[in-house]
Amino acid sequence: MKTKNTFGIHFIIRVSNSNKTVPSLIYARITVNGQRTEISLKLKISPTSWDNIKGKAKGKSEDTVRINAHIERVRSLITDAYHQLVQQKRVVSIGAVKNIFLGHDDTESSLLKLIDYHREIATSKLAYGTLKNYFSTEKYLKSYLRKVHNRTDIYLSEINYKFIFDFENFLRNCKPIHKHQPLNNNGIMKHIERFKKLINLAITMEWMEKDPFTKYKLQFEKTERGHLTKSELEILVNKNFAIERLQAVLDMFLFSCYTGLAYIDIFHLVPQNIAKGSDGKDWIISSREKTKIPVRVPLLPEALELIEKYKDHPIAFAKGKLFPVISNQRMNGYLKEIAIICEIDKNLSFHLARHTFATTITLNNGVPIESVSKMLGHTAIKTTQIYAKVLEHKLGEDMDNLRERRLIQENHKYNFEESN
């Protein structure tokens, strides 16, 4: 935390490049702790009558005296605003000085005010799962302020590149919240990405003059998304549990593998979401809870069988849902139990099921990536390419097909030459 502040005022004019004889506005340029801002005095003066070095009007005319007197009043008021912050042992920032001078002292926006405002407007727009991620980022920001800056809040005008860079280092070295393992690089970048979105909101609302993220670059590491192989999927399909709760969770997980729907989208599925498509067959017609993007997925026979299986389930029927869905946390707990029982050394989750749909179920069976992208509810093919990768044996099959075509072509060519 800073114990010594720097402060300075200089008065300037903005001269037009096209016509340097046109009267120019006078500005008070304020510098506090290395940060700078300018305030218009709403006065104009001819560039030939201005002393750039002294920062005031030249001469002894009545207008010159009037302008210089106003400049000194402004200098005194800005200086008083700075000393008021120092004497009251408040945070000294460029924004705080400017707001006191302008009479807007109570409007100086802080990080916590921004967080509260974001919560207020995002609650009705973002899915709860996304909101939870923001809540986690907020906790890290508050912990960073407390442990590194010895403060509970900070003015937005004080947030700069160094603040962001130090926050990144804090995340790399701090003990994770509710986790045993340290945050990995991409986890850290996601927290900073959410922080950046908060700052973008502040800039949009004109609560910040400059974007502290201008020179900061998010550095995500490329990772391959996990998925179930065909043999692993078959193990789960052939597994039958005597315990009903485990079987129900497994079936909903498999339904996600066959449709690409996320947990929250399955949670909200109702019978009305099943409708006939233009091909006369059953489709899921819905929208992604996370992005509100429309989703249309033709139902595979395996998915239809699962819907039929739970059509009369008492819990699903009572809630008007297709499946007896429980909380995501409990579902993931049961999926871990299922993975252990089935000896599958992978973290079973609905993210994994979604990736399995993109790879093992669709792309691996020749479904075009454009179609897969539509069914996943993506707005860009690039996003689908992150989720899905072509499997090695699919590449092998493609090359085998190529070899066969080339062999047929060679035989045809040979037979043609022989006949001639």
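Residues numbered from 1 in each chain as written. Predicted model: local features only at pLDDT ≥ 70, side-chain atom pairs only at ≥ 80, totals over all residues. Heavy atoms only, no water.

**Details of the nonpolar core**
Next, step 1: Counting 47 residues, the largest nonpolar core has Leu228, Leu236, Phe253, Phe255, Phe323, Ile338 and Leu348 as its most contacted members.
Next, step 2: Among the elements of the structure, α7 (230-237), α8 (244-259), α9 (263-267), β8 (294-298), α10 (301-309), α12 (328-341), α13 (350-362) and α14 (369-376) are those that each provide at least two residues to this core.
Next, step 3: By residue number, the principal contributor to this core is α8, which donates 10 residues.
Next, step 4: Those residues in contact with Phe323, other than ones at most four positions away along the chain, are Met252, Phe255, Ile266, Leu306, Ile307, Tyr310 and Ala316.
Next, step 5: With 28 residues, the next largest nonpolar core counts Leu141, Ile159, Ala202 and Met208 among its residues. (Core = buried A, V, L, I, M, F, W, Y, C linked by side-chain atoms within 4.5 Å. Buried < 20%, exposed > 50% of the residue type's maximum accessible area, 1.4 Å probe, protein only. Helix = DSSP H or I, 4+ residues; strand = E, 2+ residues; numbered from the N terminus. Contact = heavy atoms within 4.5 Å.)

**Observations regarding the sheet that holds β8**
Next, step 1: If you trace the 3 strands from one edge of the open sheet to the other, you get β6-β7-β8, paired in antiparallel fashion. The open sheet has two free edges, formed respectively by β6 (274-276) and β8, since each of these has just one partner strand. Along the sheet, successive strands turn relative to each other by an average axial angle of 35°, direction set aside.
Next, step 2: Alignment of strand β7 (residues 282-287) against β8, held across 5 bridges, turns out to be antiparallel. Its bridge partner being in β8, Ser286 is matched across the sheet by Val295. (Pairing = 2+ DSSP bridges. Axes fitted to C-alpha atoms, helices over the stretch in contact; angles between N-to-C directions.)

**Structural notes on the pairing of β8**
Next, step 1: Alternating residues of β8 divide into Val295 and Val297, all buried, and Pro294, Arg296 and Pro298, none buried.
Next, step 2: The turn linking β7 back onto β8 is made up of 6 residues, and Lys292 within it adopts a positive phi angle of 65°.

**A look at the state of the cysteines**
Next, step 1: Evaluated as defined, the whole model comprises 0 disulfides.
Next, step 2: Cysteine Cys257 shares no disulfide, and the gap to the nearest cysteine sulfur, in Cys342, comes to 12 Å.
Next, step 3: Since its relative accessible area comes to 0%, Cys257 is described here as buried. (Disulfide = S-S within 2.5 Å.)

**With respect to the sheet that holds strand β2 (residues 24-32)**
Next, step 1: With antiparallel pairing, 3 strands are arranged side by side in an open sheet as β1-β2-β3. The open sheet has two edge strands with one neighbour each: β1 (7-13) and β3 (35-45). Averaged over all adjacent pairs, the angle separating strand axes in this sheet is 20°, with direction ignored.
Next, step 2: Here β2 runs beside β3; their pairing, made up of 8 bridges, is antiparallel. Directly across from Ile30, in β3, lies its bridge partner Thr37.
Next, step 3: Against the sheet, helix α2 (residues 94-102) contacts β2 and β3, and its axis sits at roughly 30° relative to β3.

**Observations concerning the domain arrangement of the chain**
One frequently used descriptor of interface size is the decrease in accessible area upon assembly of the parts.
Next, step 1: Domain boundaries in the chain define domain 1 (7-102), domain 2 (111-205) and domain 3 (230-396).
Next, step 2: Taking only C-alpha atoms into account, the centre of domain 1 sits 64 Å from that of domain 3. (Domains from an automatic or database assignment.)

**Points about the environment of Met189**
Next, step 1: Mapping Met189 onto the fold places it in helix α6 (residues 185-204).
Next, step 2: The spacing of Met189 and Leu171 is 18 residues in sequence and 9.5 Å in space, taken between C-alpha atoms.
Next, step 3: Every residue in contact with Met189, bar those within four places of it in the chain, is listed here: Glu168, Arg172, Tyr216, Leu218, Gln219 and Phe220.

**Regarding empty space enclosed by the protein**
Next, step 1: Under the criterion given, the structure shown has 1 cavity of 30 Å³ or more.
Next, step 2: Estimated volume of the largest cavity: approximately 30 Å³. (1 Å grid on protein atoms, 1.4 Å probe; cavity = no way out; pocket = protein on both sides within 12 Å on 5 of 7 lines; lining within 4 Å. Points joined across faces, edges and corners; volume = space filled by probe spheres on them.)

**Things to note about the pattern of salt bridges**
Next, step 1: Counted under the stated rule, the structure contains 16 salt bridges.
Next, step 2: Between Glu193 and Lys190 there is a salt bridge, with its nearest N and O atoms 2.8 Å apart. Remark: Lys190 and Glu193 occur in helix α6; sequence separation between them is 3 residues, near one turn of the helix.
Next, step 3: Residue Glu193 is classed as partly exposed on the basis of its relative accessible area, which comes to 21%.
Next, step 4: In this structure, Arg245 and Glu337 form a salt bridge, with 3.6 Å as the shortest nitrogen-oxygen distance. Residue Arg245 is found in helix α8, and its partner Glu337 is found in helix α12; the two are separated by 92 residues along the sequence.
Next, step 5: Judged by its relative accessible area of 30%, Glu337 is partly exposed.
Next, step 6: Sharing partners across several salt bridges, the network here consists of Arg14, Arg29 and Glu38. (Salt bridge = Lys/Arg side-chain N within 4 Å of Asp/Glu carboxyl O.)

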